[in-house]
Amino acid sequence: MRIYEFAKQNNLPTKDLIKILDEIGIKGKQTLSIITEEEINRFKEIYFKKEREKKEILLTGKENVKELSQKFGIPSNEILKYLLEEKIIVNINQKLEKDIIQKICEKFNFIPVFEKEEKEIQEEKKEKIETPILVKRAPVVTVMGHVDHGKTTILDKIRNSNVAEKEVGQITQKIGAYKVDLPEGSIVFLDTPGHEAFTAMRAMGAKITDIVVLVVAADEGVKPQTIEALDHAKSANVPIIVAINKIDKPNANPEKIKQQLSEYGLIPEEWGGNTVYVNVSGLTGEGINDLLEMILLVGEMLELKANINCKCEGTVIESYLDKFRGPVISIIVENGKLKVGDPFVVGNTWGKVRAIIDEWGKRLNEAGPSTPIEILGAHEIVIPGEKLKVVDSEKEAKEISENRKREKEISTVLPVKRLSLKDLYEEIKKGEIKELKIILKTDFYNSIDAIKNIISKIPQDEIKINIIHAGTGPINESDVLLASASNGIVLGFKVPIEPKAKELAKKENVEIRTYEIIYDIGDEIVKAIEGMLEPEIKEELIGQALVKKVFKLDKNTVVAGCLVVSGKVVRNSKVKIVRNGKIIFEGVLTSLKRFKDNVNEVNYNNECGIGVENFYDFEEGDIIQSFINVEVPRKLKGV
């Protein structure tokens, strides 16, 4: 073979090849010189060994074999030979996938360094996150309980102010937030009108509460609203501290409260449980310091942190329109620091911070994590629970706001998807649901126990059934809010639905189902859970073809001439090749022809040509079995 032919065959310029031969001791060659077989082997042995020391090489990730050959300085037929060994069939000019290029690099001792496209570089710059700097933050506490059990009086004593006296009938009328600074640390209190407001904020996606303080009057005990508040708190999955209030009353009975609440899972620490109980008096101040110590202790155990090395983020707790100051938004800062002059987006509106005011009316220049503040500068008021985020510019804030408004218009046409018994199967297929959460309302307490008994007999090995709240009376707004926040459903037995609850359920897309026959509830849940179980995947044989003749079109293309002897064979189906009763290969039927036409399937008693990916060793008499995967619904064991 002449040098120029050898150079062409190995995709190397003749001058470069002569230079390389000279370097490795094969001297005196010219373009028309002959290169012997011995010299070729010597060239491969020395040159490739020398060149294959592992080194980095800059690539785009879109090269073909010819381009890799030039960049590697390795003959293209060497690369093609390796790919053939790996059963990867390509031609010299075919663009290669990045993973194949990586395999080639590994084979020939190169470390690929892929160039980044401009778009990828820009995205990386945009997504670059500054190193978080985490600092300890104050716990955010929500106070809940039955009306008139003394929530605001306790907060009033803590703040040493007269909030309770300013409220009509001493019932809190709006959401407020107060930061209390103590020698041991700070605590932020959210004083809500009730558990509905707490859960409404959670339904919005706001999860700012770290600890719930459940207030129960020592002289009245556990009331229906106490249990509702407890269930709402439990669904938020946050620690609960019980404040037994009004212990100054002569008929106070704290032990009775502990006994009542232990039936709902709040077992006192002294009884072997993990719930903290504190005896307090909002009137005299007795036990208030103990309550604060317990809150700080629980907060310490939670190891609450906030990132101060980022753009400010906060959650809205209240918003109203002031005729002199314009829209006023109350937030709790969660991460970063909010400064006067910061552009921001919140909900569907935007603005620039004109003023920051604390709960005492004092103006601040900036506010850090776990700080409740009012801000001025928004263009509109927003719903509690919305997130506030600082952005780079007012222009960006305005663009984000306009995009959100457009998205909201679309979402009014397409309501938020909530859980329903009908579509549980689809939700579980996406891996989104492994638990059926139920809010149960019945006519009598006895009915609750009967329904719970029926549900307890349903096997729950794979899907858990969780009754997150059970009570008597009509289905109300609070029930719907809890279902919305928890992605659950509302089941009613012989109870009406309040009109406002019906409207809210429609708005929040929450499913409500009512029943007159108690056993219908259990039957429907079983059907729903069976739909939630992930189906078994089984292979189903759909047809077989007998190989009558084998056609070798070239080294890497073999077609089996077949007769379909049962069912049908389908292109892209899984196949098993059986020879003498044994499976010799499993793969994919990639080529299926009827005469000269490509077809998707061939039925019984028809001839066809079959090609199987990465299989070239057909023999006459082989059986090609065609399979598809089918989903088989599962049943609950023991039902």
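Look a little higher up for the structure.
Residues numbered from 1 in each chain as written. Predicted model: local features only at pLDDT ≥ 70, side-chain atom pairs only at ≥ 80, totals over all residues. Heavy atoms only, no water.

**Student:** Explain the packing of helix α5 (residues 76-85) against helix α6 (residues 98-107) to me, please; I cannot follow it from the model alone.
**Tutor:** To describe two helices that pack against each other, one gives the angle between their axes and the distance between the axes. Orientation of α5 relative to α6, taken along the N-to-C sense of each, is 110°, at an axis distance of 11 Å. With respect to α6, the element α5 is oriented roughly perpendicular. The crossing of α5 and α6 is right-handed. Across the interface between the two elements, Ile-79, Tyr-82 and Leu-83 of α5 pack against Ile-100, Lys-103, Ile-104 and Lys-107 of α6. The residue makeup of the contact of α5 with α6, split by class, is five nonpolar, no polar and two charged. (Axes fitted to C-alpha atoms, helices over the stretch in contact; angles between N-to-C directions. Helix = DSSP H or I, 4+ residues; strand = E, 2+ residues; numbered from the N terminus. Parallel < 35°, antiparallel > 145°, perpendicular 65-115°, else oblique. Left-handed = near helix turned anticlockwise from the far one by under 90°. Contact = heavy atoms within 4.5 Å. Nonpolar A, V, L, I, M, F, W, Y, C, P; charged D, E, K, R; others polar.)

**Student:** When you look at the nonpolar core in this model, what are you seeing that I'm missing?
**Tutor:** Burial of nonpolar side chains together is a common tendency in soluble globular proteins. By size, the foremost hydrophobic cluster in this structure holds 23 residues, and its most contacted members are Phe-189, Val-213, Ile-241, Leu-291 and Ile-295. At the level of secondary structure, the elements contributing two or more residues to this core comprise β4 (140-145), α8 (151-159), β5 (176-182), β6 (185-191), β7 (211-217), β8 (240-245), β9 (276-279) and α13 (288-302). Top element by residues in this core is α13. It accounts for six residues. In this structure, Leu-291 is in contact with Ile-154, Val-213, Ile-241, Ala-243, Val-278 and Val-280, ignoring residues within four places of it in sequence. (Core = buried A, V, L, I, M, F, W, Y, C linked by side-chain atoms within 4.5 Å. Buried < 20%, exposed > 50% of the residue type's maximum accessible area, 1.4 Å probe, protein only.)

**Student:** I tried to follow the packing of aromatic side chains on my own but got confused; where do I start?
**Tutor:** Under the counting rule described, the total for this entry stands at four aromatic pairs. When the ring of Phe-585 is compared with that of Phe-615, the centres are 4.9 Å apart and the planes differ by 35°; the resulting orientation is tilted. Linking Phe-585 in strand β27 (residues 582-594) with Phe-615 in the loop between β30 (607-612) and β31 (623-632), this pair joins segments that are 30 residues apart in sequence. Since its relative accessible area comes to 8%, Phe-615 is described here as buried. On the numbers, 5.0 Å between centres and 80° between planes, the contact of Phe-615 with Phe-618 is edge-to-face. Phe-618 sits in the buried class, given a relative accessible area of 5%. By way of ring pairs, the aromatic residues Phe-585, Phe-615 and Phe-618 are connected into one cluster. Over the ring of Phe-114 we find Lys-98, and its NZ or CZ is 4.8 Å from the ring centre. (Phe/Tyr/Trp six-rings, centres within 6.5 Å; stacked < 30°, edge-to-face > 60°. Lys NZ or Arg CZ within 6 Å of the ring centre and 35° of its normal.)

**Student:** Is there a simple way to explain the pairing of strand β11 (residues 313-322) in this structure?
**Tutor:** Of all 10 residues making up β11, seven are buried, and the element is well covered by its neighbours. Strand direction decides the pairing type here: β11 and strand β12 (residues 326-335), joined by nine bridges, are antiparallel. Across the sheet, Gly-314 pairs through a bridge with Val-333, a residue of β12. Following β11, the chain reverses through three residues before pairing antiparallel with β12. Pairing of β11 with strand β19 (residues 387-390) involves three bridges; the strand directions are antiparallel. Counted as the bridge partner of Glu-313 is Lys-389 from β19. (Pairing = 2+ DSSP bridges.)

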